[in-house]
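Chain by chain, the residues run as shown.
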Amino acid sequence: MGEASGGGGVLNAWTPILLLLAVALAGLAVLYGVSTWLAPARSAVDADPFSGGRAPEQHAFSRFHVRWYPITMIFLAFDMEMLFMYPWVKVVPEIGVAAVVEMFLFLGILFAGVLYAWREGAFRWT
């Protein structure tokens, strides 16, 4: 009965997935190798004046202060809001009240995130 019902069916079911995984990993290895081979030699960066002509106050590769990250997260929240509101405007006439309720739920979640950031002091600079 095992031969007639296709014994080894589990292995045959996983073969395309394993093949795809092998191809993806091989492609990743090839791309990484080519980028390493073609990359220019790294050297120290000179701190010359830029754009406005003033000397930079810090090195170009310096780290940002931790207080910038909550502001970045708030920016991304509002950016996502705009990303969803533009198509929403187009479908509101077709869908109706359900679209309005869904958008206000979405805005409520974003507003809760902003309130959390405010409570954690993301808007305080001292």
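Small disclaimer: the values here were computed from a predicted structure and weren't measured.

Peer 1: Hey, could you run me through the environment of Val114 in this one?
Peer 2: Tracing the backbone shows Val114 in helix 3 (residues 97-119). Given a relative accessible area of 14%, Val114 falls into the buried group. Excluding residues within four positions of it along the chain, Val114 makes contact with Phe78 and Phe123.

Peer 1: Sorry if this is basic, but what is going on with helix 2 (residues 68-95) here?
Peer 2: Residues spaced three or four apart along an α-helix point in a common direction, a consequence of the helix completing one turn every 3.6 residues. Over its 28 residues, helix 2 extends 39 Å from the first C-alpha to the last, a length consistent with the 40 Å expected when each residue adds 1.5 Å. Along helix 2, the sharpest kink reaches roughly 40°, centred on Val89 and followed within four residues by the proline Pro93. Among all positions of helix 2, only Ile74, Ala77, Glu81, Met85 and Trp88 are buried. If you follow the buried residues of helix 2, they end up packed against helix 3. Phi turns positive, to about 95°, at Gly96, one or two residues after helix 2.

Peer 1: Before we go on, may I ask you to explain the packing of aromatic side chains in this structure?
Peer 2: Given two aromatic rings, one states the distance between the centres and the angle between the planes to describe the pair. Per the stated rule, a full pass over the model turns up one aromatic pair. When the ring of Phe84 is compared with that of Phe106, the centres are 5.2 Å apart and the planes differ by 80°; the resulting orientation is edge-to-face. With Phe84 in helix 2 and Phe106 in helix 3, this pair connects stretches of sequence that are 22 residues apart. Exposure remark for Phe106: the relative accessible area of 24% places this residue in the partly exposed category.

Peer 1: Would you take a moment to explain the environment of Tyr69 for this structure?
Peer 2: Following the sequence through the fold, Tyr69 ends up in helix 2. It is 8.7 Å that separates the C-alpha atoms of Tyr69 and Ala122, two residues lying 53 residues apart in sequence.

Peer 1: I keep staring at the side chain of Glu81 and nothing clicks. Help me out?
Peer 2: Its place among the elements puts Glu81 in helix 2. No salt bridge is formed by the buried Glu81, whose closest oppositely charged neighbour, Lys90, lies at an N-O distance of 19 Å. Beyond its immediate chain neighbours, meaning those up to four positions away, Glu81 contacts Phe106, Leu107 and Leu110.

Peer 1: Looking at this structure, how should I read a nonpolar patch on the surface?
Peer 2: Taken together, Val10, Trp14, Ile17, Leu18, Leu21, Leu25 and Leu28 make up a surface patch of nonpolar side chains, about 750 Å² in accessible area. With respect to the secondary-structure elements, Leu25 resides in helix 1 (residues 9-38). Judged by relative accessible area, which is 52%, Leu25 ranks as exposed.

Peer 1: When you look at the packing of helix 2 against helix 3 in this model, what are you seeing that I'm missing?
Peer 2: The packing of two helices is summarised by the inter-axis angle and the distance between the axes. Running from N to C, helix 2 and helix 3 point in directions that differ by 170°, and their axes come no closer than 9 Å. With respect to helix 3, the axis of helix 2 lies roughly antiparallel. Note on element contacts: helix 3 touches helix 2 through Val97, Ala98, Ala99, Val100, Met103, Phe106, Leu107, Leu110, Val114 and Ala117, opposite Ile74, Ala77, Phe78, Met80, Glu81, Phe84, Met85, Trp88, Val92 and Ile95. A breakdown of the residues in the contact of helix 2 with helix 3 according to their chemical character gives 19 nonpolar, no polar and one charged.

The rules behind the values
Residues numbered from 1 in each chain as written. Predicted model: local features only at pLDDT ≥ 70, side-chain atom pairs only at ≥ 80, totals over all residues. Heavy atoms only, no water. Helix = DSSP H or I, 4+ residues; strand = E, 2+ residues; numbered from the N terminus. Buried < 20%, exposed > 50% of the residue type's maximum accessible area, 1.4 Å probe, protein only. Contact = heavy atoms within 4.5 Å. Expected span 1.5 Å × (residues − 1). Bend = angle between axes of the 7 residues up to and from the residue. Phe/Tyr/Trp six-rings, centres within 6.5 Å; stacked < 30°, edge-to-face > 60°. Lys, Arg positive; Asp, Glu negative; His and termini not counted. Salt bridge = Lys/Arg side-chain N within 4 Å of Asp/Glu carboxyl O. Patch = residues over 30% accessible without salt bridge, like charges linked within 9 Å, V, L, I, M, F, W, Y side chains within 5 Å. Areas by Shrake-Rupley, 256 points an atom, 1.4 Å probe, with all protein chains shown as cover. Axes fitted to C-alpha atoms, helices over the stretch in contact; angles between N-to-C directions. Parallel < 35°, antiparallel > 145°, perpendicular 65-115°, else oblique. Nonpolar A, V, L, I, M, F, W, Y, C, P; charged D, E, K, R; others polar.

Nothing here speaks to function; it is geometry throughout.
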